[in-house]
Amino acid sequence: KDIEDLEHMFAEMDANEDGAITWEEFEASFEDEALRKKWFLLNFQKEDCRELFALLDDGDGEVSYNEFCDGLFKLRGVAQARDVFALQKMMQRL
């Protein structure tokens, strides 16, 4: 069920249907009422948008379906999980 929900959410965000979410598409998802509700249920607010994109993106400026699902699964749970994941991503980029 979780995978299906994320797959549907990704498809809604991928406006040009190229299999990747650009920063513009990602940012727009926080303006869309239905998607904003889904973000809220995942414990993300509009203020988290830029940081979340940076965490999900592997550095190529787009978020693939795998990056999206893997990253959001790692970020589930309490706030500490988000902090740990952010640190891991920063370490990978060094």
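Before any of the text, the structure's been laid out above.
From a predicted model like this one, the values you see are computed outputs, not experimental measurements.

**A few points about the layout of surface pockets**
Part 1 of the reasoning: In this structure, the largest pocket encloses a volume near 220 Å³.
Part 2 of the reasoning: Lining the largest pocket are Asp-2, Asp-5, Leu-6, Met-9, Lys-38, Leu-41, Leu-42, Leu-72, Phe-73 and Arg-76.
Part 3 of the reasoning: Of all the elements in the fold, those that place two or more residues in the lining of the largest pocket are helix H1 (2–13), helix H3 (33–41) and helix H5 (65–75).

**Here we look at the packing of helix H4 (residues 49–56) against H5**
Part 1 of the reasoning: For the pair H4 and H5, the least separation of the axes is 9 Å and the interaxial angle reads 115 degrees. Our classification of the angle between H4 and H5 gives roughly perpendicular. At the point where H4 passes H5, the crossing takes the right-handed sense. Seen from H4, the contacting residues are Leu-52, Leu-55 and Leu-56; seen from H5, they are Glu-67, Phe-68, Gly-71, Leu-72 and Leu-75.
Part 2 of the reasoning: Class assignment for the residues of the contact of H4 with H5 results in 6 nonpolar, 1 polar and 1 charged.

Rules used throughout
Every chain is numbered on its own, with residues counted from 1 as its sequence reads. With pLDDT at 70 or above as the cut-off, local features in this predicted model cover only qualifying residues; side-chain atom pairs require 80 or more to be listed or tallied, and sums for whole chains, interfaces and linings still use all residues. The basis for every side-chain value is the complete set of non-hydrogen atoms in the structure, without hydrogens or water. Whether a set of points on the 1 Å grid over the protein atoms alone is a cavity depends on a 1.4 Å probe fitting there but being unable to get out, while an open set qualifies as a pocket with protein on both sides within 12 Å along at least five of seven lines; lining residues are those with an atom within 4 Å of a point. Grid points are joined across faces, edges and corners, and a volume is the space filled by probe spheres set on the points. Comment: elements are numbered from the N terminus, with helices defined as DSSP H or I runs of at least four residues and strands as E runs of at least two. For helices, the fitted axis covers only the stretch in contact; all axes are lines through C-alpha atoms, and the angles between them, taken along N-to-C directions, range from 0 to 180 degrees. Angle categories are assigned with fixed cut-offs, so that under 35 degrees is roughly parallel, over 145 is roughly antiparallel, 65 to 115 is roughly perpendicular, and the rest are oblique. Two helices that cross are described as forming a left-handed crossing if the nearer one is turned anticlockwise from the farther one by less than a right angle, and a right-handed crossing if clockwise. Any two residues whose heavy atoms approach within 4.5 Å are treated as being in contact. Residue polarity is assigned by list, with Asp, Glu, Lys and Arg as charged and Ala, Val, Leu, Ile, Met, Phe, Trp, Tyr, Cys and Pro as nonpolar; anything else, Gly included, falls into the polar class.

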